[in-house]
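Each chain, letter by letter, is given below.
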Amino acid sequence: MNTIRSKQTLIIAAVVLLVAFLFTRDIKGLVKPKEEKAGVPAGGQLSSANSTINLTEVSTEAKNTINANLATEIATLENAYQAASGDDQLNAAKVLAQKWDDVEKTIPSALYLEIVANKEQTLNNWLAAGGRLMKAYDTTTDSVTTPVLLQKANMAYTNAFALDSTNLDAKTGLGITIVNGMGAPMSGIAMLLDVVKKDPKNLRANMSLGTFAIKSGQFDKAITRFNDIIAMKPTPDAYFYLGTAYENLGKNKEAIDAYLSSKKLAANPTLSSFIDKKVAELKNKS
């Protein structure tokens, strides 16, 4: 039992560190450990979120963290949005979504894209909203906000899937939200496996299946999955997860090689320092 708990702790810690250190995420919407999210139980249904996200509040908070001139520009755009109606307000929401994305504030950007999708309910709009909402979910640590973001992303992808059930982006996004807590995880896995069956080189679906394999202790499957991903597109994320899987199987040499490849591709000082310590630990175990 203690061994199992130790492995679970190692998995969670590795994934948390990856999220913290890899700032250049090539693939959005990675499945994150359920233990990290309040209201998102491991392997279960997301509990109902009693709170909502107030756009005015998140906008105010975000403006306090950016350049004053940019904050003033966005405030002017928001005033114009509030005063507009019809198509003018729709276009203003699109501008604000892009402006917030330009300054890397994913939550207000995602909420404006959600407004756009609700006003103009097209497949592309729902996909854009779902993608941005999942990016916000992936990069936000607030325990109250994250379950709401996941629910919103699930709804956006549900609407996209309803418009076109053959669209693989819609199916992938929906599967990822389900795996993260919006329903029975195996139904989400089934959707992702179907995506990969139809599009074997779908990086987003493959990445999500790989991270799920790690968190469920299926390290051999994870290794196969991440090696396939690396053959398609080597990324720091894929190599780091590959190293995590090897480490959990006691394959320290392979883990070291994978971690060092992650370090080389990421070229991030913080990650490099962590990996250097990790490699030293693994060498001492050999």
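Reading the values: the criteria
- Residues numbered from 1 in each chain as written.
- Predicted model: local features only at pLDDT ≥ 70, side-chain atom pairs only at ≥ 80, totals over all residues.
- Heavy atoms only, no water.
- UniProt positions renumbered as here; feature names shortened; annotations may be inferred.
- Helix = DSSP H or I, 4+ residues; strand = E, 2+ residues; numbered from the N terminus.
- Contact = heavy atoms within 4.5 Å.
- Areas by Shrake-Rupley, 256 points an atom, 1.4 Å probe, with all protein chains shown as cover.
- Salt bridge = Lys/Arg side-chain N within 4 Å of Asp/Glu carboxyl O.
- Buried < 20%, exposed > 50% of the residue type's maximum accessible area, 1.4 Å probe, protein only.
- Core = buried A, V, L, I, M, F, W, Y, C linked by side-chain atoms within 4.5 Å.
- Axes fitted to C-alpha atoms, helices over the stretch in contact; angles between N-to-C directions.
- Parallel < 35°, antiparallel > 145°, perpendicular 65-115°, else oblique.
- Left-handed = near helix turned anticlockwise from the far one by under 90°.
- Nonpolar A, V, L, I, M, F, W, Y, C, P; charged D, E, K, R; others polar.
- pLDDT = per-residue confidence, 0-100.

The name an unreviewed UniProt entry assigns to the protein chain is TPR repeat-containing protein, from the organism Pedobacter antarcticus. Recorded under Pathway (unreviewed entry), the UniProt text for the protein chain is reproduced unchanged: "Protein modification; protein glycosylation."

Just checking my understanding: could you explain the overall build of the protein chain for this structure?
Along the backbone of the protein chain there are 14 helices and zero strands. Secondary structure elements of the protein chain, listed N to C terminal, follow the sequence α-α-α-α-α-α-α-α-α-α-α-α-α-α. Of all intrachain contacts in the protein chain linking residues separated by at least 6 positions in sequence, the fraction that spans at least 24 positions is 57%. Of the roughly 13,500 Å² of accessible surface on the protein chain, a fraction of 52% belongs to carbon and sulfur atoms.

Looking at this structure, how should I read the UniProt feature "repeat: TPR" (unreviewed entry) in the protein chain?
Those places that UniProt annotates as "repeat: TPR" (unreviewed entry) correspond, in this numbering, to residues 203-236. With 82% helix and 0% strand, the stretch residues 203-236 has end C-alpha atoms that lie 14 Å from each other.

Got a minute to help me understand the pattern of salt bridges in this structure?
Any two side chains of opposite charge can pair, given that their charged atoms come close. Inspection of every chain in the model, using the stated rule, returns 10 salt bridges. Across the salt bridge formed by E247 and K278, the nearest N and O atoms sit 3.1 Å from each other. Taken together, the residues E247 in helix α12 (residues 236-248) and K278 in helix α14 (residues 269-285) connect sequence positions 31 residues apart. Both residues of the pair, E247 and K278, count as buried. In this structure, K253 and D257 form a salt bridge, with 3.4 Å as the shortest nitrogen-oxygen distance. Of the two residues, K253 and D257 are both situated in helix α13 (residues 252-266); the distance of four residues between them amounts to about one turn of the helix. For K253, a relative accessible area of 59% corresponds to the exposed category. According to the relative accessible area criterion, D257 is partly exposed, its value standing at 39%. Here the salt bridges do not stand alone but share partners, grouping K171, D194 and K198 into one network.

Explain the nonpolar core here, please?
I53, Y81, W100, I107, Y112, M134 and L149 are the most contacted members of the largest nonpolar core, which has 51 residues in total. Counting residues per element, this core draws most heavily on helix α5 (residues 106-119), which supplies eight residues. With sequence-adjacent residues up to four places away left out, Y112 is seen in contact with L55, E78, Y81, A93, L96, A97 and W100. Of all hydrophobic cores here, the second largest spans 26 residues; its members include M207, A255, A258 and V279.

Looking at this model, I keep getting lost on the packing of helix α6 (residues 123-139) against helix α7 (residues 145-163). Mind explaining?
Packed helices, taken two at a time, are described by the angle their axes make and the gap between the axes. Put simply, α6 and α7 touch, their axes get as near as 8 Å, and they point 155° apart. Judged by the angle between their axes, α6 and α7 are roughly antiparallel. In this structure, α6 crosses over α7, and the sense of that crossing is left-handed. Contacts between α6 and α7 involve L123, W126, L127, A129, G130, G131, L133, M134, A136 and Y137 on the former and, on the latter, T146, L149, L150, K152, A153, A156, Y157, N159, A160 and L163. Counted by class, the contact of α6 with α7 contains 15 nonpolar, four polar and one charged residues.

Please explain the confidence of the model for the protein chain as it appears in this structure.
Interpretation of this model should avoid reading the predicted coordinates in detail wherever pLDDT is low. For the protein chain, per-residue confidence averages 86 on the pLDDT scale, and 82% of positions sit at 70 or higher. Mean pLDDT across the elements of the protein chain bottoms out in helix α1 (residues 2-21) (48) and peaks in α5 (98). Below a pLDDT of 50 lies the segment residues 19-50, which in the model reaches 89 contacts outside its immediate sequence neighbourhood of four places, other chains included.

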